[in-house]
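# Understanding the architecture of this molecule
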Amino acid sequence: MSGLILISIMSGIALNLFPRHDGVVVELIGQQRLDPIIHASGNTLQMCFNAPVEWIEGTPLPIWINRVAADSSSVTVEFDQLIVSADWALSGDSMAMIIFARAENEILLPPVAWQSPPVPPDTSLWSDSLVYAALERGEGSPWLVDFDCIVIDPGHGGRDPGAVGGSGSQEKDRTLEISLMVRDLLRIRLPELRIVLTRSVDEYVSLGERTRMANRNRADLFVSIHCNAAVNRSAHGFETYFLSRARTDDARAVQMLENNVLELDEVSTVSDDPLSFLLADMAQSIFQNQSSHLAGSIQNSFTSTFPVRRDRGVKRAGFYVLRGAFMPAVLVEVGFISNPEEEQALMSLDFRFRAAQAIVESIVEYAGREN
Ligand SMILES: [Zn+2]
């Protein structure tokens, strides 16, 4: 990761810029959750905070950044090219905000030297992995040769109920029931496969811990199972996500919903390891083909299982729970708990069994895929 430049450390908020071939990642780390208002216009990206920020001048800028300026409550980054999009996501285990800015043309990055030595990420867990090798070579990873471990992630749990339906049904219970069925069915269909659940009882597991579990187990696939919710009670159907920047307002709304649990995470999980986060983000882009293939297969499988229910398609969003995974990863929203009819369905064993079966069919197909 020789391209990283430490621009400056502000009192209270640390600011890093990570160059990418297609833009830049602006990372802000603070002691509390940051909610800047982000505005991109022309070649300028402006971030306004509701707390004072202090900018310490004097650190050299990369040549594709014309200017970085800050006043008491905002930071402005001026690029040497037009910005075509900017988006944000919450980072790793830190209260950090990652802002992606994509320039109109590909930015060719000059070789840069470290301004100050970065803290190296803890790569001990994955330094011999295919992902790491692919990252080092700067190329996509092949389909994994062996498919011998899967992590099933029942969304929410414990003090985080997830979405709650009109009849009082809690998302955390439905996701656990479906996940346990997925596990049991997989044991029959793929007896050689090692199956890890991020939780098998009603307990709270932080989002960061879920992917750490998958990385520790060197899982080949991460499947997170959720139930959707929307203000509009008539919203219905099933959809599958893989990690990306959210493309639509709907996807953004679901992303906000599923990322909300971050507020429940203990402050003690805060880590100052931005490099690990960035690598994780890159890993997910390497696995984008695999993840989107599986997501499509799950949607098809649901469509044949539930022909009268609405196929909402494959979508992309910046789910925190997928972000730290060093393997293909998808998040399945099996139905809307906020929709009275679908809440009833989710409460029926038959529906949950068929949903689990549909997910398992896709995993079996995925496992058998040739390189
Ligand atoms: Zn959820």
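Okay, so let's go over this structure. Note that the coordinates shown come from a computational prediction; the quantities given were computed from them, not determined experimentally. (Residues numbered from 1 in each chain as written. Predicted model: local features only at pLDDT ≥ 70, side-chain atom pairs only at ≥ 80, totals over all residues. Heavy atoms only, no water.)

### Here's the deal with the packing of helix α6 (residues 288–305) against helix α9 (residues 349–367)
Helices that pack against each other are described as a pair by the angle of their axes relative to one another and the distance between those axes. Running from N to C, α6 and α9 cross one another at 140°; their axes reach a closest spacing of 8 Å. Compared by their axis directions, α6 and α9 come out oblique. Note on packing geometry: the crossing formed by α6 with α9 is right-handed. Where α6 abuts α9, its residues Gln290, His293, Leu294, Ser297, Ile298, Ser301, Phe302 and Thr305 lie against Arg354, Ala355, Ala358, Ile359, Glu361, Ser362, Ile363, Glu365 and Tyr366. Here the residues of the contact of α6 with α9 are counted per class, giving 8 nonpolar, 6 polar and 3 charged. (Axes fitted to C-alpha atoms, helices over the stretch in contact; angles between N-to-C directions. Helix = DSSP H or I, 4+ residues; strand = E, 2+ residues; numbered from the N terminus. Parallel < 35°, antiparallel > 145°, perpendicular 65-115°, else oblique. Left-handed = near helix turned anticlockwise from the far one by under 90°. Contact = heavy atoms within 4.5 Å. Nonpolar A, V, L, I, M, F, W, Y, C, P; charged D, E, K, R; others polar.)

### Overview of the pattern of salt bridges
Going through the model one piece at a time under the given rule, you end up with 13 salt bridges. Ionic pairing is found between Lys172 and Asp202, a salt bridge with its closest N-O pair at 3.1 Å. Here Lys172, found in helix α2 (residues 171–189), pairs with Asp202, found in the loop between β11 (194–197) and α3 (207–216); they are 30 residues apart in sequence, far enough to count as distant. According to the relative accessible area criterion, Lys172 is buried, its value standing at 8%. Residue classification places Asp202 among the partly exposed residues on the basis of a relative accessible area of 42%. Close ionic contact of Arg174 with Glu177 constitutes a salt bridge, the shortest N to O distance being 2.8 Å. With Arg174 and Glu177 both in helix α2 and 3 residues apart, the pair spans about one turn of that helix. Judged by its relative accessible area of 12%, Arg174 is buried. A relative accessible area of 25% places Glu177 in the partly exposed class. Look at the salt bridges and you will find they share partners, linking Arg174, Glu177 and Arg352 into a network. (Salt bridge = Lys/Arg side-chain N within 4 Å of Asp/Glu carboxyl O. Buried < 20%, exposed > 50% of the residue type's maximum accessible area, 1.4 Å probe, protein only.)

### Comments concerning α9
An α-helical segment advances 3.6 residues per turn. Residues three or four places apart therefore align on the same side. Between its first and last C-alpha atoms α9 spans 26 Å; for 19 residues at 1.5 Å apiece the expected length is 27 Å, and the two agree. Inspection of α9 places Phe351, Arg352, Ala355, Ala356, Ala358, Ile359, Val360, Ser362, Ile363, Val364 and Tyr366 among the buried residues, and these make up the whole buried set. Taken together, the buried residues of α9 touch β10 (149–154), α2, β12 (221–228), α6, β15 (329–336) and α8 (340–346). (Expected span 1.5 Å × (residues − 1).)

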